[in-house]
Amino acid sequence: QVQLIESGGGLVQPGGSLRLSCAASGRTFSSYAVGWFRQAPGKEREFVAALTWSGGRTYYRHTVKGRFTISRDNAQSTVYLQMNSLKPEDTAVYYCGADPEEGTVVAGHCSSWGQGTQVTVSS
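Description of the structure in this document. (Residues numbered from 1 in each chain as written. Predicted model: local features only at pLDDT ≥ 70, side-chain atom pairs only at ≥ 80, totals over all residues. Heavy atoms only, no water.)

### Points about the state of the cysteines
For the structure on display, the rule yields 1 disulfide. Note that Cys22 is cross-linked by a disulfide to Cys96, the S-S spacing being 2.2 Å. Here Cys22 and Cys96 share a disulfide; its torsion about the S-S bond, -80°, makes the bridge left-handed. With Cys22 in strand 3 (residues 18-25) and Cys96 in strand 9 (residues 92-99), this residue pair connects regions lying 74 residues apart in the sequence. Both residues of the pair, Cys22 and Cys96, belong to the buried class. Cys110 takes part in no disulfide bond, and the closest cysteine sulfur, belonging to Cys96, lies 8.0 Å away. (Disulfide = S-S within 2.5 Å. Helix = DSSP H or I, 4+ residues; strand = E, 2+ residues; numbered from the N terminus. Buried < 20%, exposed > 50% of the residue type's maximum accessible area, 1.4 Å probe, protein only.)

### What to know about the sheet that holds strand 3
Taken together, the 4 strands give an open sheet; going across it, the order is 1-3-8-7, and neighbouring strands pair in antiparallel fashion. Sheet topology places strand 1 (3-7) and strand 7 (68-73) at the edges, where each strand pairs with a single neighbour. Neighbouring strand axes in the sheet, compared pairwise and without regard to direction, differ in orientation by 15° on average. Inspection of the sheet shows strand 1 paired to strand 3 by 5 bridges, in the antiparallel sense. Its bridge partner being in strand 3, Gln3 is matched across the sheet by Ser25. (Pairing = 2+ DSSP bridges. Axes fitted to C-alpha atoms, helices over the stretch in contact; angles between N-to-C directions.)

### Some points on the packing of aromatic side chains
Pairs of aromatic rings are described using the distance from one ring centre to the other and the angle between the two planes. For the coordinates displayed, the defined rule picks out 2 aromatic pairs. Taking the centre distance of 5.8 Å and the plane angle of 70° together, the rings of Phe37 and Phe47 count as edge-to-face. With Phe37 in strand 4 (residues 33-39) and Phe47 in strand 5 (residues 46-51), this residue pair connects regions lying 10 residues apart in the sequence. For Phe37, a relative accessible area of 2% gives the class buried. Residue Phe47 is classed as buried on the basis of its relative accessible area of 16%. Look at Phe37 and Trp113: their rings are 4.9 Å apart centre to centre, the planes differ by 65°, and that puts the pair in the edge-to-face class. (Phe/Tyr/Trp six-rings, centres within 6.5 Å; stacked < 30°, edge-to-face > 60°.)

### Side note on the side chain of Ser112
Tracing the chain through its elements places Ser112 in strand 10 (residues 112-113). Judged by its relative accessible area of 2%, Ser112 is buried. Of the polar contacts made by the side chain of Ser112, one reaches the backbone oxygen of Val2; its length is 3.0 Å. (Polar contact = N/O pair within 3.5 Å; in protein donor to acceptor, adjacent residues only side chain to side chain.)

### What about unusual backbone geometry?
Phi is positive for Ser77, which is not a glycine, with a value near 50°. By secondary structure assignment, the location of Ser77 is in the loop between strand 7 and strand 8 (78-83). Judged by its relative accessible area of 18%, Ser77 falls in the buried class. One non-glycine residue with positive phi stands out, namely Ser85, at about 50°. Its place among the elements puts Ser85 in the loop between strand 8 and strand 9.

Structure (structure tokens):
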């Protein structure tokens, strides 16, 4: 397993941007697929985006495609989520997850999870 710590959340106005970071520790991180998930109050956690260990394939929730971009820097053991054109419905706690299996990440059954970072989109 790897340990994950998210950062970069905050309050932003509709139409604004934020970049979330997920710092990982563990020697095997570069071989893990990674993903971002979110949970709004009173709702279940949902998939947002995922990226294979090599960065060669990406997956996005249809409501964020074209606005959010997931990327990773294996040398820095960090995963990013660039969020543009933010909407109030993007408000949630955002979690980083990782797993050796790509399909497991996309399904939301990651073996490693971070503690979450709050994103609030409001005027």
